[in-house]
Amino acid sequence: MSFQHYTTDQGLSNDEVKCILKDRRGFMWFGTVNGLNRFDGQRFTVYRRSKALPGLPGNFIIGLTEDADGIIWVATNLGLCRLDPAREEFRHITIPPNRDQIGDNDVVYPLILDREGYGWFAGVHQLYRIDRKTLQLTTFPLPRNVHSSSVRLYLDRRDNFWVFSSGTVYRFDRARQQYTYILGRDQHHPQANIQAYNLFEDSHQQLWLFSAGHGLLRYDPKSDQFVDVPDNLKTVYALCEDRTPDGRLFFWGGGAETGLFSVDPVTLQHAVVKPEPRDPLAHNGSPVEAFYRDPQTGVIWMATEWGIQKMDPYALKVKRKMLPAPLTASPADRVRFVHQDRFNPDLYWIGTQRDGLYQWNRRLDTFTRTMDRRGLLRQGMYRMVQDNLGKIWLSLPNDLVQYDPKQNVWLYKEDWVPKTGHQLPNDIYHLDIDRKGAIWFTAGPLVCSYNPVTKQLQTRSFPVAVGGENGPRIYEFREDSRGRMWVYTVAGLFRFGEHSTQAERIPLQHADTALRFSDRIFITFSIDSKDRLWIGNIGFLAQADTSGRVVRIYNSDNGLMADHVLAMQEDKAGQLWLATDTYLHRLNPQTGTFQSLQKENGLFSNFIITSSVNSMSRNAQGELFIGFVNAFNYFDPLRLVRNTVPPPIAVTSVLVNNQPRTLEDDRLIALQPGDNSLSVAFVALNFSQPEKNQYAYQLVGFDKGWVHTNARTATYTNLEPGNYTLRIKAANNDGVWNQEGLELAVRVIPAYYQTWWFQGLCVLVLAAIGYAIYRNREAQRKKLEGIRNRIATDLHDDMGSTLSSIRIFSDVVQQQIQPVRPEAVPILQRISTSATTLSESMQDIIWTIQTKYDSLEDVVTRMREFGLKMAEAKDIKFTMQVSDKFHSTRLNVEQRRNLYLIFKESINNAVKYADCTTINVFLTVVGRHLKLVIEDNGRGFDPATVRQGNGLQNLRKRADEIKGQLTLESAPGAGTRIELVTKV
């Protein structure tokens, strides 16, 4: 029986533990004589009395009780307090003794809860009832007793209220406030010699009283008495109900003389769990004062004076047994084999390397040492078999001895080997027995078989030498299902037929060329029930069929976690167990998958050294046995318990900007502006090998997937404002995940400048400013348009009429003076022409200034009119193509004026100088760009040789003023092309 231990070395506040509680979140709580401890499987959090902050009233913890709201009521040597475990807040419950000046009457005993939800607890002089909501106290007197050193309360399932006062038992009628004496010594019963401690009610509603001096007493409801039972126990402190693997009910108990024991409630037979100082996983020997059995997992916690003990079937999966110290002469004697007797299933034969042969009576748990009369067993032994007559055969370094346990007779090689013609070498190493009962053994280079019934000895040989520099090398025997004996030697693998005396060599054939190995260098060899050959070597395990064809190889790439496979044993389910230099492996040949057992599971060592001897064996019930130094492990592979309980998850701390933050009941974490970092620590409350727990978390809205970690902490910085969900899940030591997990709401509150109302207000303000600017510009534009229209009107009315008068007057004068002064007519004609030209230019200026012609459509119309007028005068064909997208385009004054003048100048040049017959104009708008192309088919010119006049310079200047790009293409005889591109 194995236990895990927790003491001050692991962080417990004190080794003397008084009480145990598991809260509804899944934390374990332990009350000690110096502090309260919360345990999450890997770390103890200690609470003690503190003057600075509200804490425990006293450090001596007497009792722990959790109510329906998850509040823990802590009874201490200096009073009672309620603890909110989620907030880690303590609140003291003041009782009258706390107000006096007496220092030794403040003790409070464990609180119990009744069906109405009231709490009941006792002090030194009073019984108290407390309303858990209002914390109002109601006092009741305690029975007057000679002694008042301890008070315990117990409420059974029938609602009987039991009071234990200094070893005396009373039943309390709460309605009448009356006590009924039941058992024990008080002032009215001074002769009573039973000191009662407390009650325990089992699953059948049977009450058991544990006492000092009389062990267990059973309650008889008919007589209303506790009846002493013949359990041979004296002092019992505590009881706990448990069940065997087949469902049979039994109790665990703790007592002064027995420490820890088990007892059958029907037969009342008990068995004491003996301490073993050499075994760190044995019972520590201290009396158990309190138990807690986890109803979900079956894990049992025990409070002792030397720390906490935990009996965990999910962690300590294998049983342990050490050879008794007085029998072990050598401090490091290896167990070579453990074999069950074929005729007495309670008896086991245990062979050691130096200390002889032992008989272990498993039912009585006793060891008996057996030694031959010559003392040869002290030299060590290799193998053992038991024949069909019940005799024990042992291979020794220089002999093969036979022992009859019934007659206690030892026979040596010279006693049983036939005298005629058989001279066997002394080096007898390997030993086996076949299905017919023949004993197979090696003797030098020979393989021999001996029939214990007929006493006939037969020798067999090999077709090749199987020796080496140091003599013969025959390593292993294995029999297959057809009765053929396989022998593994230094020269390879051989097979003897059922009736043959000559071995047949079976070479290994490798189908996989990636990994080839010699069939002469093995570490171990075995054959399973399906005649699969298994070859263990350095770094790999090979599987072959009976023809020697290697069909599969296992190594580190597909799950083998060891460099050396040292021994193999098949279990009843057909799974192969491998003793290696790293863990005990289990291979499922069907799936090719591995699992392992380790020292944490109860193995004495992860390194299973076999000293070239197969130290693994299987009994008739299917249990496996593995030898170690002065000890062995054993277990039933079919009853290995897998932890299928998903672990609950709890948050242990929340840090915001590295400052602790209390997590409220609604599980909402609110981050204010300036809270730049969030760290959430969590734990999976699985106490079976908690170091193997696995964790994953995801912040929905931030993480794209699950983040797997071993750190048990999720940290985020500079989260954007919004609502998130932190999801946490975990798996236990056997990989079972709590998929439901834990969810926390995270709300990142934005700063005022990140809020929608502030941003909306900013948009409104900007819109108002933009609108104001727009209105101002519109007002300025309208004002400017008014000025432009007035200038155009003034120019039209004043300058236009004046120029017209000049032209008219010059024409009249011309007509009048022509007969008289004909030489003056040309001058008058020039005056009239100049006035006409100036009037036309004035009309262009007025058109440019007037706002009603700001659209591109107006410009196009004027350009078309001008082009047609100029072309018709010279009989030139004029075409103008305009895109459909210009109707909504508006131009400012500069764009309209320069675009028109560029067009006008280009048309003028083409009409006057190009000597062309066709002028084509293309005007397109693409996006926000306007493109004007003017082409003619005239005589053209070479731009590189023709001197550029003011006309071309003016064109480029006007293009620059409207930020356009003007290009001119011309060649002699190829016409001229002018292109303007500008943004509108």
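Residues numbered from 1 in each chain as written. Predicted model: local features only at pLDDT ≥ 70, side-chain atom pairs only at ≥ 80, totals over all residues. Heavy atoms only, no water.

Some remarks on helix 4 (residues 856-873)
Counting along an α-helix, one turn takes 3.6 residues, and residues three or four places apart therefore face a common direction.
Turning to step 1, where the next piece is worked out: Counted at 1.5 Å a residue, the expected span for helix 4 with its 18 residues is 26 Å, and the 26 Å between its end C-alpha atoms agrees.
Turning to step 2, where the next piece is worked out: By the burial criterion, the buried members of helix 4 are Leu856, Val859, Val860, Arg862, Met863, Phe866, Gly867, Met870 and Ala871. One side of helix 4 carries all its buried residues, which in axial view fall inside an arc of 165 degrees. When the buried face of helix 4 is taken as reference, the exposed residues oriented beyond 90 degrees from it are Glu872 and Ala873. (Helix = DSSP H or I, 4+ residues; strand = E, 2+ residues; numbered from the N terminus. Expected span 1.5 Å × (residues − 1). Buried < 20%, exposed > 50% of the residue type's maximum accessible area, 1.4 Å probe, protein only. Arc of directions from axis to C-beta.)

Some thoughts on the pattern of salt bridges
Close approach of charged atoms allows side chains of opposite charge to pair.
Turning to step 1, where the next piece is worked out: According to the stated counting rule, one finds 37 salt bridges in the structure shown.
Turning to step 2, where the next piece is worked out: Between Glu289 and Lys18 there is a salt bridge, and its shortest N-O distance comes to 3.1 Å. Of the two residues, Glu289 is situated in strand 26 (residues 288-293) and Lys18 in strand 2 (residues 17-22); the sequence distance between them amounts to 271 residues.
Turning to step 3, where the next piece is worked out: Glu289 gets classed as partly exposed once you look at its relative accessible area, which sits at 21%.
Turning to step 4, where the next piece is worked out: Glu504 serves as the salt-bridge partner of Arg495, at 3.2 Å between the closest nitrogen and oxygen.
Turning to step 5, where the next piece is worked out: Owing to a relative accessible area of 12%, Arg495 belongs among the buried residues under this scheme.
Turning to step 6, where the next piece is worked out: It is possible to trace a salt-bridge network through shared partners that takes in Asp67, Asp69, Arg132 and Lys133. (Salt bridge = Lys/Arg side-chain N within 4 Å of Asp/Glu carboxyl O.)

Section: empty space enclosed by the protein
Turning to step 1, where the next piece is worked out: Within this structure, the stated rule accounts for 2 cavities of 30 Å³ or more.
Turning to step 2, where the next piece is worked out: Lining the largest cavity are 16 residues, and of these Asp294, Thr297, Leu685, Asn686 and Phe687 lie nearest its centre.
Turning to step 3, where the next piece is worked out: Residues belonging to the lining of the largest cavity are distributed by class as follows: 9 nonpolar, 5 polar and 2 charged.
Turning to step 4, where the next piece is worked out: Together, Leu891, Gln895, Leu899, Leu930, Ile962, Thr982 and Val984 line the second largest cavity.
Turning to step 5, where the next piece is worked out: Residue composition of the lining of the second largest cavity, by class: 5 nonpolar, 2 polar and no charged. (1 Å grid on protein atoms, 1.4 Å probe; cavity = no way out; pocket = protein on both sides within 12 Å on 5 of 7 lines; lining within 4 Å. Points joined across faces, edges and corners; volume = space filled by probe spheres on them. Nonpolar A, V, L, I, M, F, W, Y, C, P; charged D, E, K, R; others polar.)

Thoughts on the packing of aromatic side chains
Turning to step 1, where the next piece is worked out: Counted by the stated rule, this structure contains 59 aromatic pairs.
Turning to step 2, where the next piece is worked out: With a centroid separation of 5.6 Å and an interplanar angle of 80 degrees, the aromatic rings of Trp162 and Tyr219 are classed as edge-to-face. Of the two residues, Trp162 is situated in strand 15 (residues 161-165) and Tyr219 in strand 20 (residues 216-220); the sequence distance between them amounts to 57 residues.
Turning to step 3, where the next piece is worked out: Ring geometry for Phe604 versus Phe628: centroids 5.9 Å apart, planes at 50 degrees, classification tilted. On the criterion of sequence distance, the pair formed by Phe604 in the loop between strand 56 (593-597) and strand 57 (616-618) and Phe628 in strand 58 (residues 624-628) is long-range, its members being 24 residues apart.
Turning to step 4, where the next piece is worked out: For Phe604, a relative accessible area of 17% gives the class buried.
Turning to step 5, where the next piece is worked out: A relative accessible area of 3% places Phe628 in the buried class.
Turning to step 6, where the next piece is worked out: Taken together through their ring pairs, the aromatic side chains of Trp120, Phe140, Phe161, Tyr170, Phe172, Tyr179 and Tyr181 make up a single cluster.
Turning to step 7, where the next piece is worked out: Positioned over the ring face of Phe27 is Arg38, at 4.5 Å from the centre of the ring. (Phe/Tyr/Trp six-rings, centres within 6.5 Å; stacked < 30°, edge-to-face > 60°. Lys NZ or Arg CZ within 6 Å of the ring centre and 35° of its normal.)

Here we look at the side chain of Ser13
Turning to step 1, where the next piece is worked out: Residue position: Ser13 is located in the loop between strand 1 (4-6) and strand 2.
Turning to step 2, where the next piece is worked out: Owing to a relative accessible area of 12%, Ser13 belongs among the buried residues under this scheme.
Turning to step 3, where the next piece is worked out: At 3.0 Å, the side chain of Ser13 and the backbone oxygen of Asn34 are in polar contact.
Turning to step 4, where the next piece is worked out: The contact partners of Ser13, leaving out residues within four places of it in the chain, are Thr8, Thr32, Asn34, Gly35, Asn37, Val46 and Arg48. (Polar contact = N/O pair within 3.5 Å; in protein donor to acceptor, adjacent residues only side chain to side chain. Contact = heavy atoms within 4.5 Å.)

Quick word on helix 5 (residues 893-913)
Turning to step 1, where the next piece is worked out: Between the first and last C-alpha of helix 5 there are 30 Å, a value that for 21 residues agrees with the 30 Å anticipated at 1.5 Å per step.
Turning to step 2, where the next piece is worked out: Taken from the residues just after helix 5, Asp915 is the one with a positive phi, measuring 55 degrees.

Some remarks on the packing of helix 4 against helix 5
Turning to step 1, where the next piece is worked out: Interaxial distance between helix 4 and helix 5 falls to 10 Å at its minimum, and their mutual angle equals 15 degrees. Taken together, the axes of helix 4 and helix 5 are roughly parallel relative to one another. Regarding helix 4 and helix 5, the two cross each other, and that crossing is right-handed. Listed contacts from helix 5 to Leu856, Val859, Arg862, Met863, Phe866, Gly867 and Met870 of helix 4 are Arg896, Leu899, Tyr900, Phe903, Lys904, Ile907, Asn908 and Val911.
Turning to step 2, where the next piece is worked out: Here the contact of helix 4 with helix 5 is composed, by residue class, of 10 nonpolar, 2 polar and 3 charged. (Axes fitted to C-alpha atoms, helices over the stretch in contact; angles between N-to-C directions. Parallel < 35°, antiparallel > 145°, perpendicular 65-115°, else oblique. Left-handed = near helix turned anticlockwise from the far one by under 90°.)

Section: the pairing of strand 20
In the case of a regular strand, side chains alternate between the two sheet surfaces.
Turning to step 1, where the next piece is worked out: Inspection of the sheet shows strand 19 (residues 207-212) paired to strand 20 by 3 bridges, in the antiparallel sense. Following the sheet pairing, Phe210 is matched in strand 20 by Leu216.
Turning to step 2, where the next piece is worked out: Between strand 19 and strand 20, which pair antiparallel one after the other, the connecting turn spans 3 residues, and Gly213 there sits at a positive phi close to 95 degrees.
Turning to step 3, where the next piece is worked out: Judged from the 4 bridges that link them, strand 20 and strand 21 (residues 225-228) form a sheet pairing that is antiparallel. Considered in strand 21, the bridge of Leu217 is made with Asp228. (Pairing = 2+ DSSP bridges.)

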